Structures are given as structure tokens and as C-alpha cells.
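Close look at the chain arrangement
Okay, here's what each chain looks like letter by letter:
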Amino acid sequence: MKLIIGLITVIGTIFGGYILSHGILAALYQPFELLIIGGGALGAFIIANPGTVIKQVFKGVPGLVKSSNYNKQIYMDLLTMMFKLFSKARKEGLMALETDIDEPHESEIFNQYPKIISNHHAIDFVCDYLRLMVGGNMNAMELENLMDVELETHHHEIGAPASAVQIVADGLPAFGIVAAVMGVVITMGYISEPPEVLGNHIAAALVGTFLGILLAYGFAAPLSAALQTKADDEGKFFECMKICILSTLNGYTPQIAIEFGRKTIYSHIRPSFTELEDHIKENK
């Protein structure tokens, strides 16, 4: 919804202001200029990026219409799930987690949280590091270093779509200049025509510059920022899991371990200590 409101605001204020200034809207309708700019930017985007990133962009942009999946509720579910796993390990020993981490989709604990278990990256992350803890061959520092390597790779992958769209945004004004220059070249062929004919062709050429800048800063750059925000939200979710697991490995009780994780959450969606405690009690 926020994306739609933003796009409507950009279009409405820019074109509305133009019309209120007695501009002729039909003069901005230059489909060939749009073809040059849009086609050039799309071609450059395809050349610059691997197929996986292209697919991520075309899948990720429509997904911006929805609100973020990483809200207060999913964090409370995550911390409650981690509390139950850590409590089970503390009471029955780490070996008791083997059945949960080997078959997470059959686990009673994991299946209580469908939104989390549907995120296979998150489940794989938790299970992989709990499995290493069960193996007992790594200390906290070694495990943290391994987590950092994995998370750096993961952050690079989920941030690639935002970087790709930002490169397009950076290039769109240049493609607008290309379209404008080509329009000027065409205008030179009408140099002997009356001023009104020349004026129409010059206006059409200038629309190229206008469209390039508008598409760059009104659409592509904000979409890139929104994709990056979405990637950052996912990265924070993984950071929370990392801190919880490391805290447990360092010997803290389940309650303290999830408190460490709670502190990593962005303040505007962070549950309070009491909210989390009540949620855990409700889900015992």
C-alpha cells in the first residue's frame, strides 16, 4: 500500500503541477522517447546482471506492495520458538534436539510457527548451527566466525536486486540525454520549417531529458531503496537468530539468551520484555 501511495503521489504532483501551470499534457506523450530510454535501460540491466538477480528483481518489485513480513509478531514467534528449543536442550540435553533439527518439518516445536518454518533459509540457518552445537566440536568464537561468513554471503545475495535497480536509476538520466540528443538530430532536419514546427520537435526532444530524470529519481531509485530496506529487514532477522544461538552456546539461560536476541530488533517493532514473556507463557 505504501508503494502505491508513493507512486500516486509522484505522478499526481508532478503531472498535476504541470497541468495547473497551463502545460499541455499531450506534449509529454512521446512514446518513441520512452522506447529509447526504457529499452536502453532494460538492455543495460540485462547485460549487467546474472539471470538469478534479474529474476529476483522481477519477483521482488511486485512484492513491495505488501508490508514487511518481519514485524513484531514474527519476532515474538521467533524468540518463543528459540526459547522452547533452548529449554528442551537445557532440560534433556543437546542430543534431544536431534529429531527437531534433522526433520524440522516434522518437529512439534517448529510446526507451531508456520510463518517461520515457511522461511527455509531461516530454518536451515537455525538447524545447521544447532547441529554444530550438538556435535560439540566448535567453540563460540569459531561458530560466530562461521556465522559471519555465511551471513555476509547471504546479505550480498539479498542485496543484489537493490544494487541492480540502483545502477539502472543511475543510468536513466544518461539515457534521457541520449533520447534528447537523438531528438535534436531529428529537429535539425526541420531547420527550415516555421518556428511552430521547430518548437514541437524541440519540445519532443526535451521530453527525453525529463523522462530520464523522472524515471530515475521518481521511480527506480525509490524502488532500489525499498528493496534494500526489505533486504535489511531480512538481515536483521538472521542477526537476531545468530545472537540467540551464540548466547546459548556461551552458557546463558534460555530467558537471557532470547533477551540478547530481543535487543537486536529495531526499536519500532521490538516487543517489550513483558510482551515477550506473556507470549511465551501463552504458547507453553
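Quick look at the structure, then. (Residues numbered from 1 in each chain as written. Predicted model: local features only at pLDDT ≥ 70, side-chain atom pairs only at ≥ 80, totals over all residues. Heavy atoms only, no water.)

1. Quick word on the overall build of the protein
Within the protein, the regular secondary structure consists of 11 helices and 0 strands. Reading the protein from its N terminus to its C terminus gives the helix and strand order α-α-α-α-α-α-α-α-α-α-α. Since a compact globule built from 284 residues should have a radius of gyration of about 19 Å, the 26 Å found for the protein marks it as more spread out than a globular shape. Its C-alpha atoms give the protein principal-axis dimensions of about 90 × 35 × 30 Å. In the protein, which comprises 284 residues, the proportion classed as buried is 41%. Pairs at least 24 residues apart make up 74% of the contacts formed inside the protein by residues separated by at least 6 positions. When the accessible area of the protein is evaluated, it comes to approximately 15800 Å², of which 64% is carbon and sulfur surface. Here the protein carries 19 positive and 29 negative side-chain charges, and the mean point of each set is 8 Å from the other. (Helix = DSSP H or I, 4+ residues; strand = E, 2+ residues; numbered from the N terminus. Rg over C-alpha atoms; globule rule 2.2 N^0.38 Å. Buried < 20%, exposed > 50% of the residue type's maximum accessible area, 1.4 Å probe, protein only. Contact = heavy atoms within 4.5 Å. Areas by Shrake-Rupley, 256 points an atom, 1.4 Å probe, with all protein chains shown as cover. Lys, Arg positive; Asp, Glu negative; His and termini not counted. Charge placed at Lys NZ, Arg CZ, Asp CG, Glu CD.)

2. Structural notes on the side chain of Ser 224
Mapping Ser 224 onto the fold places it in helix 9 (residues 195–249). Residues contacting Ser 224, with those up to four places away along its chain left out, are Ala 162, Val 165 and Gln 166.

3. Here's the deal with helix 10 (residues 254–262)
When we look at burial in helix 10, the residues that qualify are Pro 254, Ala 257, Ile 258, Glu 259, Gly 261 and Arg 262. The secondary structure elements touched by the buried residues of helix 10 are helix 4 (72–92), helix 9 and helix 11 (273–282).

4. Quick look at the environment of Phe 238
With respect to the helices and strands, Phe 238 occurs in helix 9. In this structure Phe 238 comes out as buried when scored by relative accessible area, which is 2%. The contact partners of Phe 238, leaving out residues within four places of it in the chain, are His 121, Ala 122, Phe 125, Leu 151 and His 154.

5. Describing the pattern of salt bridges
Here the structure, examined in full by the defined rule, presents 8 salt bridges. Lys 88 is the salt-bridge partner of Asp 100, the closest N and O atoms lying 2.7 Å from each other. Of this pair, Asp 100 sits in helix 5 (residues 98–102) while Lys 88 sits in helix 4, and the two are 12 residues apart along the sequence. For the pair shown, Asp 100 and Lys 88 are each scored as buried. A salt bridge links Lys 263 to Glu 259; its shortest N-O distance comes to 3.9 Å. When salt bridges that share partners are traced, they join Asp 102, Asp 128 and Arg 131 into one network. (Salt bridge = Lys/Arg side-chain N within 4 Å of Asp/Glu carboxyl O.)

6. A word on a nonpolar patch on the surface
Residues Met 1, Ile 4, Ile 5, Ile 8 and Val 65 make up a contiguous nonpolar surface patch of roughly 480 Å² in combined accessible area. Topologically, Met 1 is positioned in the segment before helix 1 (2–20). You can call Met 1 exposed: its relative accessible area is 59%. (Patch = residues over 30% accessible without salt bridge, like charges linked within 9 Å, V, L, I, M, F, W, Y side chains within 5 Å.)

7. A word on the packing of helix 2 (residues 31–48) against helix 3 (residues 51–63)
The description of two packed helices rests on the angle between their axes and on the distance between the axes. Look at helix 2 against helix 3: their axes get within 8 Å of each other, and the N-to-C directions meet at 130 degrees. For the element pair helix 2 / helix 3, the angle class is oblique. Contacts from Leu 42, Phe 45 and Ile 46 in helix 2 reach Ile 54, Val 57 and Phe 58 in helix 3. For the contact of helix 2 with helix 3, a count of residues per class yields 6 nonpolar, no polar and no charged. (Axes fitted to C-alpha atoms, helices over the stretch in contact; angles between N-to-C directions. Parallel < 35°, antiparallel > 145°, perpendicular 65-115°, else oblique. Nonpolar A, V, L, I, M, F, W, Y, C, P; charged D, E, K, R; others polar.)

8. A short note on the packing of aromatic side chains
Counting across every chain of the model gives 7 aromatic pairs. Centroid distance Phe 125 to Tyr 129: 4.9 Å. Interplanar angle 55 degrees. Geometry classified as tilted. Of this pair, Phe 125 and Tyr 129 are both found in helix 7 (residues 120–135), 4 residues apart, which corresponds to roughly one turn of the helix. For the residue pair Phe 125 and Tyr 129, the accessibility class agrees, reading buried in each case. Between Phe 125 and Phe 238 the ring centres are 5.5 Å apart and the planes differ by 75 degrees, which places this aromatic pair in the edge-to-face class. Here Phe 238 lies in helix 9 and Phe 125 lies in helix 7, a separation of 113 residues in the sequence. Overall, the relative accessible area of 1% leaves Phe 125 in the buried class. Feature note: the residues Tyr 70, Tyr 75 and Phe 237 constitute an aromatic cluster, connected by ring pairs. Looking at Lys 236, its charged tip hangs above the ring of Tyr 266, at a distance of 5.1 Å from the centre. (Phe/Tyr/Trp six-rings, centres within 6.5 Å; stacked < 30°, edge-to-face > 60°. Lys NZ or Arg CZ within 6 Å of the ring centre and 35° of its normal.)

9. Observations regarding helix 9
Between the first and last C-alpha of helix 9 there are 79 Å, a value that for 55 residues agrees with the 81 Å anticipated at 1.5 Å per step. Approximately 35 degrees is the largest bend angle found in helix 9, and it occurs at Ala 216. In the stretch just after helix 9, Gly 251 is the one whose phi turns positive, near 100 degrees. (Expected span 1.5 Å × (residues − 1). Bend = angle between axes of the 7 residues up to and from the residue.)

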